[in-house]
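These are the residues of each chain, in order.
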Amino acid sequence: MTEVDTAQDEQSPYARVGGGAAVRVVVDQFYERVLGDPTLAPYFAESDLANLKRHQVQLISHLLGGPVAYEGRELRDAHAGLAITPEAYARVVEHLVGVLVEAGVPDDILASLGGTLEAAQPDIVSQQS
Ligand code: HEM
């Protein structure tokens with residue numbers, strides 16, 4: 001194995017997907033889909049979208065191993081009182097995975113991020129349908 005190969009193997013998922021610029025594109029596309037989904041848009045009616053996007057970029061960057069701190073609220077606090085159902089949660093994850101797949105994010109990164117998002121479900125869903 002050459003030195004170059006070794007260096008690539010050791011890159012973080014964040015670096016492999018294209019760093020901050022790539023995460024920002026994915027997050028923009030993600031909220032375009034979420035806000036364009038009539039079953040989800042009402043949840044965001046009162047939200048400060050710029051702030052939300054900034055925190056989502058930080059969170060995803062951090063989860064991908066990037067050198068970025070998450071400055072938003074705990075996910076349980078951020079979603080408390082929004083009465084989010086399991087169906088709404090599943091649709092949001094579907095949109096997020098959809099944009100990640102379209103961005104060409106490799107399968108191993110998708111699987112690991114998907115596992116983390118799955119683990120967050122109990123913090124986000126607060127209402128049974
Ligand atoms: C896939 C799992 C999810 C993740 C990783 C996630 C992540 C986040 C993050 C990082 C914030 C920003 C918190 C802050 O600014 O302090 C946020 C806010 C928010 N999320 Fe989520 N979220 C998820 C699922 C959902 C779902 C399923 C819904 C609704 C259907 C939702 C609705 C919202 C809303 C409305 C806000 C803004 C709250 C406010 O403005 O006070 N999220 N989310």
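The name recorded for the protein in an unreviewed UniProt entry is Group 1 truncated hemoglobin, from Mumia zhuanghuii.

(A) Looking closely at helix H3 (residues 19-35). The end-to-end C-alpha distance of H3, which contains 17 residues, comes to 25 Å, matching closely the 24 Å that a straight helix rising 1.5 Å per residue would cover. Every buried residue belonging to H3 is among Gly 19, Gly 20, Val 23, Val 26, Val 27, Phe 30, Tyr 31 and Val 34, and all of these are buried. The buried residues of H3 occupy an angular sector of 130 degrees when projected down its axis, which confines them to one face. Looking at the buried side of H3, the elements it contacts are helix H2 (13-17), helix H4 (49-63) and helix H6 (86-102).

(B) Quick peek at unusual backbone geometry. Positive phi outside glycine occurs at Ala 83, with the angle close to 50 degrees. Among the secondary structure elements, Ala 83 is positioned in the loop between helix H5 (75-79) and H6. Look at Ala 83 and you get partly exposed, because its relative accessible area is 29%.

(C) Examining the UniProt feature "binding site: heme" (unreviewed entry) in the protein more closely. Following the UniProt record, one finds the feature "binding site: heme" (unreviewed entry) at His 55 and His 79. Taken together, the annotated residues stretch across 25 residues yet fold into one region, lying no more than 13.4 Å apart by C-alpha. Annotated residues from the preceding list that form part of the lining of the largest pocket: these are His 55 and His 79. Within the secondary structure, His 55 is located in helix H4. Residue His 55 is classed as buried on the basis of its relative accessible area of 16%. For His 55, the contacting residues outside a window of four places in its chain are Tyr 70, Glu 71 and Gly 72. Note on placement: His 79 falls in helix H5.

Each value, and the rule that gives it
- All chains use their own residue numbering, which begins from 1 and follows the written sequence.
- Given that this is a predicted model, residues contribute local features only at a pLDDT of at least 70 and side-chain atom pairs are listed and counted only at 80 or more, while totals for whole chains, interfaces and linings are drawn from all residues.
- Hydrogens are left out, water is left out, and the side-chain values use all remaining heavy atoms of the structure.
- The helix and strand labels rest on DSSP assignments: H or I over at least four residues marks a helix, E over at least two residues marks a strand, and numbering proceeds from the N terminus.
- Expected span of a helix: the number of residues minus one, times 1.5 Å.
- Buried residues are those whose accessible area, probed at 1.4 Å on protein chains only, stays under 20% of the maximum for their type, while exposed residues exceed 50% and partly exposed ones sit between those limits.
- To obtain the arc, one takes the directions from the helix axis to the C-beta atoms.
- Contacts are assigned to residue pairs that have any heavy atoms within 4.5 Å of one another.
- UniProt positions are given in the numbering used here, feature names are shortened, and annotations may be inferred rather than shown by experiment.
- Think of a 1 Å grid over the protein atoms and nothing else: a 1.4 Å probe that fits but is trapped marks a cavity, an open set flanked by protein within 12 Å on at least five of seven lines marks a pocket, and residues with an atom within 4 Å of a point count as lining.

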